[in-house]
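Chains, contacts and geometry: an overview
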Amino acid sequence: MPKGYELLVKIQAVSINPVDYKIRQNSLKDKISDNPKNIGWDAVGVVEAVGENLTLFKKGDKVFYAGDITKDCSYQEFHLVDERIVWFSPNNIPIEASAAMPLTSLTAFEILFDRMQLSPEKDNGKSILIIGGAGGVGSVAMQIAKNILGLKVIATASRENSIKREKKYLQTI
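A brief report on the enclosed structure follows. Everything numeric here is computed off the predicted structure, so don't read it as measured data.

Some remarks on the packing of helix H3 (residues 102–115) against helix H5 (residues 136–147)
To characterise two packed helices, one gives the angle between the axes of the helices and the distance between these axes. The geometry of H3 relative to H5 is characterised by a closest axis approach of 8 Å and an angle of 55° between their N-to-C directions. Considered as vectors, H3 and H5 are oriented oblique to each other. Remark: the crossing between H3 and H5 carries right-handed chirality. Along its contact with H3, which presents Thr104, Ser105, Thr107, Ala108, Phe109, Ile111, Leu112 and Phe113, the element H5 presents Gly136, Val137, Val140, Ala141, Ile144 and Ala145.

Laid out in structure tokens, this is it:
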């Protein structure tokens, strides 16, 4: 049962990111473990139980999150996760799409706001070049840059179908 700030989440969908592959490839390299390594961080699910310190979530809430790399992760039926890294899952998109959003969204947000320190007040109307605009992080970064920061977005994509999709997409947001 969950304790403190933990939620017990019944997993409905997960996504696979490059970090999952890298952790799986290198976490027990040249070692034999008595315990299996459970990986996977992006997940969507329903809260089954809550710890005594929780204030935001209750049983039955649909949530999504990018888990904690230092703990067992989301490739399991039930997952204990800290409330402080969880949010309500969007109701207007399928759970599979929701599962793909946490890590890419968090990465795009951190790049634009924490690393580059952009803000709508000082950067509105400026331009930004996003390398790899057709990728997961790039596509989220383009939306944040255009819709929240008010930037003119210039992006790269390497494949013809990606270029067409992103041109069409940018014209609609």
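There is more to say, and it comes next.
Topic: the pairing of strand S4 (residues 78–82)
Going residue by residue along S4, you find His79 and Val81 tucked away on one face and Phe78, Leu80 and Asp82 left uncovered on the opposite face. Here strand S1 (residues 6–14) runs beside S4; their pairing, made up of 5 bridges, is antiparallel. By the bridge assignment, leucine 8 is partnered in S4 with leucine 80.

Focus on the environment of isoleucine 11
Its place among the elements puts isoleucine 11 in strand S1. Through-space distance from the C-alpha of isoleucine 11 to that of lysine 62 is 9.9 Å; in sequence the pair is 51 residues apart. When near neighbours in sequence (up to four residues on either side) are disregarded, isoleucine 11 contacts Ala43, Val44, Gly45, Tyr65, Ser74, Gln76, Glu77 and His79.

A look at the layout of surface pockets
By rolling a water-sized probe across the atoms, one finds the places where empty space is left. What the largest pocket holds in volume is close to 480 Å³. Contributions of two or more residues to the lining of the largest pocket are made by strand S3 (62–66), strand S5 (86–88), H3 and H5. Taken together, the residues that form the lining of the largest pocket break down as 16 nonpolar, 3 polar and no charged.

Parameters at a glance
- Residues numbered from 1 in each chain as written.
- Predicted model: local features only at pLDDT ≥ 70, side-chain atom pairs only at ≥ 80, totals over all residues.
- Heavy atoms only, no water.
- Axes fitted to C-alpha atoms, helices over the stretch in contact; angles between N-to-C directions.
- Helix = DSSP H or I, 4+ residues; strand = E, 2+ residues; numbered from the N terminus.
- Parallel < 35°, antiparallel > 145°, perpendicular 65-115°, else oblique.
- Left-handed = near helix turned anticlockwise from the far one by under 90°.
- Contact = heavy atoms within 4.5 Å.
- Buried < 20%, exposed > 50% of the residue type's maximum accessible area, 1.4 Å probe, protein only.
- Pairing = 2+ DSSP bridges.
- 1 Å grid on protein atoms, 1.4 Å probe; cavity = no way out; pocket = protein on both sides within 12 Å on 5 of 7 lines; lining within 4 Å.
- Points joined across faces, edges and corners; volume = space filled by probe spheres on them.
- Nonpolar A, V, L, I, M, F, W, Y, C, P; charged D, E, K, R; others polar.

Nothing here speaks to function; it is geometry throughout.
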